[in-house]
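Residues per chain, in single letters:
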Amino acid sequence: KIKSKKEKEDCIDKSIQVKQMESFKITAKEFLLLCTATDADEVYGVDDAYENLTEDNVEKEVRNAQKSLEEKNYIQSDFDGNSEIRDDLMELISCCVECNNVISVDHAQGNKGQTNVVYYIQDEKVVKSEKKDDIYIIGWLKKEMLYSDIKGLVKILPMERNNNIDKFHIPQNEVERA
């Protein structure tokens, strides 16, 4: 049966509503390890936690990240050492590495430190990744909530016209040349 556009949107909406209930807390090392399961070469918005490590230390840290993910029940390993990522988490990670657009917002919270929020947008799906300290909290966000979510992080100032302010003008030919 072919679904109408409205039926497809409703289906996606219901799916995202269910998914929005759960978020995952992971470190940069865990995030990058999960991304390797998608054969991704890179992912935007995640610190390279393995950057300055020796090869031996990288192997050790990968084992530690895998053990931590197992303890959180985010992955399961069998006796042969093969690991399987939870389907819901794998879907989130896949959206992060295969997204069409990324929006990144650094948000200072006074004396509480800084939060980095990255929105990974893939068609009708949006994953929100919020980094606070060394932990990434990732989960689904309804696409129609994207603007209001960003607006809550960014101070948007209304433009007031004031004739006393010096104006800067770039001639059209300079814009075209650039």
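Data block above holds the structure.
This structure is a prediction, so every number in the text was calculated from the model and none was measured.

Some words on the packing of aromatic side chains
Thinking step 1. Evaluation of the coordinates by the stated rule reveals two aromatic pairs.
Thinking step 2. Note on Phe24 and Tyr74: the rings are 5.0 Å apart at their centroids and 80° apart in plane angle, and the pair reads as edge-to-face. With Phe24 in strand 1 (residues 23–27) and Tyr74 in the loop between helix 3 (55–71) and strand 2 (75–77), the pair connects residues that are 50 residues apart, well separated along the chain. Both residues of the pair, Phe24 and Tyr74, count as buried.
Thinking step 3. Taking 5.5 Å as the distance between ring centres and 90° as the angle between the ring planes, the aromatic pair formed by Phe31 and Tyr136 counts as edge-to-face. Taken together, the positions of Phe31 in helix 2 (residues 28–36) and Tyr136 in strand 7 (residues 135–140) put the pair 105 residues apart, joining distant regions of the chain.

Notes on the side chain of Thr38
Thinking step 1. Looking at the secondary structure, you find Thr38 in the loop between helix 2 and helix 3.
Thinking step 2. In contact with Thr38, not counting residues within four places along its chain, are Met90, Ile93, Ser94 and Val97.

Description of helix 4 (residues 87–98)
Thinking step 1. A rise of 1.5 Å per residue sets the reference length of helix 4, with its twelve residues, at 16 Å; its end C-alpha atoms lie 16 Å apart and thus fit the reference within 8%.
Thinking step 2. Looking at the buried positions of helix 4, the neighbouring elements they touch are strand 1, helix 2, strand 3 (83–85), strand 5 (114–122), strand 6 (125–132) and strand 7.

What to know about the sheet that holds strand 6
Thinking step 1. An order of 1-7-6-5-4 is seen for the five strands of this open sheet, with the pairing classed as antiparallel. Single-partner strands in this sheet number two, and they are strand 1 and strand 4 (101–108). Ignoring which end each strand starts from, the neighbouring axes of this sheet average 20° apart.
Thinking step 2. Pairing geometry for strand 6 and strand 7, over six bridges, is antiparallel. Bridge pairing links Ser129 to Ile138 in strand 7.
Thinking step 3. Docked against the sheet, helix 2 engages strand 1, strand 5, strand 6 and strand 7, running at close to 105° with respect to strand 1.

About the thresholds
- Residues numbered from 1 in each chain as written.
- Predicted model: local features only at pLDDT ≥ 70, side-chain atom pairs only at ≥ 80, totals over all residues.
- Heavy atoms only, no water.
- Phe/Tyr/Trp six-rings, centres within 6.5 Å; stacked < 30°, edge-to-face > 60°.
- Helix = DSSP H or I, 4+ residues; strand = E, 2+ residues; numbered from the N terminus.
- Buried < 20%, exposed > 50% of the residue type's maximum accessible area, 1.4 Å probe, protein only.
- Contact = heavy atoms within 4.5 Å.
- Expected span 1.5 Å × (residues − 1).
- Pairing = 2+ DSSP bridges.
- Axes fitted to C-alpha atoms, helices over the stretch in contact; angles between N-to-C directions.

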